[in-house]
Amino acid sequence: MMQDLVTERWEDFLKRYCWDDLIELSNSYPERRSLFVKFSDMDTYDPNLADMVLDTPDVAIASATDALREMDIPTGVILDEANLRIINLPRRVKIRDIRSNDIGKLVGIEGLVTKATEVRPRVIEAVFECPFCHHIFSVVQSGRQFKEPFECEQESGGCGRKVQRFKLLVEKSKFANAQKIRLQESPEELRGGELPQAIDSYLEDDISGEVAPGDRVVITGILRSYQRITQYGKTPFFDIYLDGNSLELMQEEFEEIDITEEDEREIKELANHPEVYERFIRSIAPSIYGYEEIKEAMVLQLFSGVPKELPDETRIRGDIHLLLVGDPGVAKSQLLTYLVRLAPRGLYTSGKSSTAAGLTAAAVRDEFGEGRWTLEAGALVLADKGIAAVDEIDKMRKEDRDALHEAMEQQTVSIAKAGIMARLNSRCSLLAAANPKFGRFDKYTPIAEQINMPPTLMSRFDLIFTMMDRPNEELDMKTAEHILETHYAGELIARLEGIGKVDAGEKERFKEAKQVMEPAVRRDLIRKYVAWSKRNIFPVMTEEAKNKFLEFYIGLRRQGYEDEEAPVPVTARQLEALIRLGEARARAGLRDKITVEDAERVINVVTYCLKQVSTDPETGKLDTDWIAVGTTKTKRDRARSIRDIIKELEKEYGDEVPLEEVLDLAEEDGMERDKVEEIIDVMKRDGILFSPSGGVIKFVR
Ligand code: ADP
Ligand code: MG
């Protein structure tokens, strides 16, 4: 009786608030089968009804669904299998805040889809046959366990006998499409270092198969629990899952950064500051000394270039990819983590991460899928529309190496395995760090040979920086002073937090020391500034800037025109990188045009990197063939480098190789003896070689 009353209320509600939607649905029924109802409409219609939906969703949604399915609609269609789905729920629960009193309630959970199984049928109404009287009856299936009857159903005319096993009539039973997904807290909601938590959710019928790993969604559903069972039997602990009622895809930037008018004023004021660009650079990891060029590149990466759709439908990425290759202990990891914390959607991971999905994605069959295949997203997919910082990228798995080419350039990850065909988005900027293959840099061997990464992959980075840890008294002194100062400030902060006071004299020093670490622009202002710029600024090149780029590019290529034998210095990829960097620099100043100054500034950065990475140590000429094919022209012409010669001789002499032999062989290869001796001396000074006793040399390992 009570129930009928409620159903009547729902009928009235649907007529008043959802009439047009109902007519529309009936026109495309049963292809479309869901009526999406805004929670706020229910709340306006009857707050009590709305409360029922929140607190006793099972009953409330069932009666609302009954009302929907029995509705008289002028089109004459009966929506007998339609679903009622509730959207825009104000009650949003964070995954980590879910507690036992949320169980059984209707909640909205926002998150990132990390895994999704294939869509497979699930029985929703199982039809059984009694082996004795052949009576046929059905059992509605809800929940995670398959419900089988114990006795033949008398109410529907059966014999009532207790039966061990009824026959399941598969072809008479009703099925719905079903999918299981895993929802994870989005990276930007985590405070530094927290591990993201996750919840699994089941989606049924027309909302299954709608999401892919990497998507950001809100799922409204009923929180349910089930008993955890181990190999020793049932435990007193329960796990939870979300029984999905509705699914909303969030197309745009997830947690769109809110920018108030006040913020906008502050952003524009900052943009007018004559040194805004330098201030941004000084705001990147101020506790790390030096590396101006790298920090500049990171600023440009934050702003990124403009993604373009060309008239012929080619898509060109706007994201800027950076690679830092360096000796151990040069603050690579520190720089990466800093940028990830600064970027609105940053994600930090290591190349040797142990998940099946790794950096890109994988199709796996494990316990999550309960027999089905699961598509699992890796770091670059999860960082869609953000920055993915991948530390120790040289240690990544082979599968990732292969998939990374596509992920970096086309910004998609394709999977074709076990009948799963999927293309996931990976529209992110990659900030990668790597150690040289032999642990330490040796500047006489091409960079490409020293990185555990295929050259084709290296060429996809817009900028590659090398960071060598060479003893240099002046620089060492400055770095050391800087580190001492930041640590001193850190110590005082720790004391202030620990016991609440510092000595009067220290207070003054503290102010000074703290200044060293303070970014020039506040972190939240940088985030807002970047977000505002990316939303509103779409710069175009001025004629002058175009000419500058052209001049620079042709100038570098010219080496190749004048001298048939010369290496090809630069490829078209570098020109594209230049344009992207120019766009990013204009965005950093909130300018609609890319000026000559922008062009010059980014040309400087590019030149800096090219010089570091591509200068052939033997000729001093630029040669990006190093990056593209892994060896220089000079090297290709000359059979062996000194390094190779020593390695060759190691076969004969073991670790300790006679210097004379090295010189002789090098001479045979057409190198001058003096020059070779000189190079060996430098290699000794750099700690690559040493002489354990007179006349022999040995690699430092
Ligand atoms: P990497 O990842 O390159 O091996 P880390 O990022 O782990 O190196 O850095 C090692 C430590 O040395 C960090 O604590 C870092 O702060 C410090 N360090 C290295 N170079 C600098 C620098 N230029 N300025 C300040 N600290 C530095
Ligand atoms: Mg490191």
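Scoring rules and cut-offs
Residues numbered from 1 in each chain as written. Chains lettered and ligands numbered in written order. Predicted model: local features only at pLDDT ≥ 70, side-chain atom pairs only at ≥ 80, totals over all residues. Heavy atoms only, no water. Helix = DSSP H or I, 4+ residues; strand = E, 2+ residues; numbered from the N terminus. Buried < 20%, exposed > 50% of the residue type's maximum accessible area, 1.4 Å probe, protein only. Contact = heavy atoms within 4.5 Å. Areas by Shrake-Rupley, 256 points an atom, 1.4 Å probe, with all protein chains shown as cover. 1 Å grid on protein atoms, 1.4 Å probe; cavity = no way out; pocket = protein on both sides within 12 Å on 5 of 7 lines; lining within 4 Å. Points joined across faces, edges and corners; volume = space filled by probe spheres on them. Nonpolar A, V, L, I, M, F, W, Y, C, P; charged D, E, K, R; others polar. Phe/Tyr/Trp six-rings, centres within 6.5 Å; stacked < 30°, edge-to-face > 60°. Lys NZ or Arg CZ within 6 Å of the ring centre and 35° of its normal. Near = heavy atom within 4 Å. Polar contact = N/O pair within 3.5 Å; in protein donor to acceptor, adjacent residues only side chain to side chain. Axes fitted to C-alpha atoms, helices over the stretch in contact; angles between N-to-C directions. Parallel < 35°, antiparallel > 145°, perpendicular 65-115°, else oblique. Left-handed = near helix turned anticlockwise from the far one by under 90°. Pairing = 2+ DSSP bridges. pLDDT = per-residue confidence, 0-100. Core = buried A, V, L, I, M, F, W, Y, C linked by side-chain atoms within 4.5 Å. Domains from an automatic or database assignment.

(A) Representation of the overall build of the protein in the model. Assigned secondary structure in the protein consists of 24 helices and 26 strands. Within the span of the protein, comprising 701 residues, buried residues form 48% of the whole. Looking at the protein alone, contacts between residues at least 24 apart form 68% of all its contacts between residues at least 6 apart. When the accessible area of the protein is evaluated, it comes to approximately 34900 Å², of which 49% is carbon and sulfur surface.

(B) Summary view of the layout of surface pockets. What the largest pocket holds in volume is close to 1500 Å³. Lining the largest pocket are 44 residues, with Arg122, Ile124, Gln141, Ser142 and Glu204 sitting closest to its centre. At the level of elements, helix H5 (57-69), strand S2 (83-87), strand S4 (120-129), strand S7 (174-184), strand S8 (198-204), strand S9 (216-230) and strand S10 (233-249) are the ones that each hand at least two residues to the lining of the largest pocket. The biggest single contributor to the lining of the largest pocket is H5, with 7 residues. Residue classes in the lining of the largest pocket are distributed as 17 nonpolar, 9 polar and 18 charged.

(C) Expanded view of the packing of aromatic side chains. If you walk through the whole model with that rule in mind, you get 13 aromatic pairs. The interplanar angle of 40° and the centroid separation of 6.4 Å between the aromatic rings of Phe128 and Phe137 together place this pair among those described as tilted. Feature note: the residues Trp10, Phe13, Tyr17 and Tyr45 constitute an aromatic cluster, connected by ring pairs. Positioned over the ring face of Phe368 is Lys115, at 4.8 Å from the centre of the ring. Geometry around Tyr338 places Arg523 over its ring, the cationic atom sitting 5.4 Å from the centre.

(D) Focus on the site of ligand 1. The immediate surroundings of ligand 1 are formed by 14 residues, with Tyr289, Gly329, Lys332, Ser333 and Gln334 found nearest. Here an oxygen atom of ligand 1 sits 2.7 Å away from a polar atom, N or O, in the side chain of Lys332. When ligand 1 sits alone it has 570 Å² of accessible area, and the protein chains cover 71% of it. The greatest single-element share of the shell around ligand 1, amounting to 3 residues, is contributed by helix H9 (residues 332-342). The residue inventory of the shell around ligand 1, partitioned by class, reads 7 nonpolar, 5 polar and 2 charged.

(E) Highlighting the packing of helix H7 (residues 276-283) against helix H8 (residues 292-303). Here H7 crosses H8 at 105°, and the two axes come no closer than 8 Å. As the angle between them shows, H7 and H8 are arranged roughly perpendicular. Contacts between H7 and H8 pair Tyr277, Phe280 and Ile281 from the former with Glu292, Lys295, Glu296, Val299, Leu300 and Phe303 from the latter. Its residues placed into classes, the contact of H7 with H8 shows 6 nonpolar, no polar and 3 charged.

(F) Expanded view of the packing of H8 against H9. With their axes 11 Å apart at the nearest point, H8 and H9 run at an angle of 30° to one another. One element, H8, and the other, H9, form an angle in the roughly parallel class. When you trace H8 past H9, the crossing you get is right-handed. Mapping the contact onto sequence places Ile294, Lys295, Met298, Gln301 and Leu302 in H8 and Leu335, Leu339 and Leu342 in H9.

(G) Structural detail: the sheet that holds strand S26 (residues 696-699). Pairing within the open sheet is antiparallel, and its 3 strands lie in the order S24-S26-S25. Only two strands of the sheet have a single partner each, and these edge strands are strand S24 (657-658) and strand S25 (689-690). As judged from the 2 bridges shared by S25 and S26, these two strands associate in the antiparallel manner. Paired with Phe690 across the strands is Lys698, a residue of S26.

(H) Local environment of the confidence of the model for the protein. Looking at the protein as a whole, the pLDDT averages 83, with 89% of positions reaching at least 70. Counting interchain partners and residues more than four positions distant, the pLDDT-below-50 stretch residues 565-569 has 21 contacts.

(I) Summary view of the pairing of strand S21 (residues 463-467). S21 sits mainly inside the fold: 5 of its 5 residues count as buried. Burial of the side chains of S21 extends over both faces: Leu463, Phe465 and Met467 are buried on one face and Ile464 and Thr466 on the other. Relative to S21, strand S13 (residues 322-326) runs parallel, the two being bridged by 5 bridges. Each bridged residue has a counterpart across the sheet, and for Val325 the counterpart in S21 is Thr466.

(J) Structural detail: the nonpolar core. Counting 65 residues, the largest nonpolar core has Phe280, Met298, Leu302, Leu463 and Tyr529 as its most contacted members. Each of domain 3 (309-470) and domain 5 (537-628) gives at least three residues to this core. Contact partners of Met298, with chain neighbours within four places excluded, come to Ile284, Leu322, Leu324, Leu335, Leu339 and Leu431. Counting residues in hydrophobic clusters, the runner-up holds 36 residues, among them Leu323, Leu359, Ala407 and Met453.

(K) The arrangement of unusual backbone geometry in detail. Backbone torsion omega between Tyr29 and Pro30 reads 5°, so that peptide bond is classified as cis. Within the element layout of this structure, Pro30 appears in the loop between helix H2 (19-28) and strand S1 (34-38). In this structure, Lys385 is a non-glycine residue whose phi angle is positive, near 65°. Looking at the element boundaries, Lys385 is found in the loop between helix H10 (379-382) and strand S17 (387-391). Phi at Gln411 takes a positive value of approximately 60°, unusual for a residue other than glycine. Looking at the secondary structure, you find Gln411 in the loop between helix H11 (398-409) and strand S18 (412-417). Taking the relative accessible area as the measure of exposure, Gln411 reaches 1% and is therefore buried.

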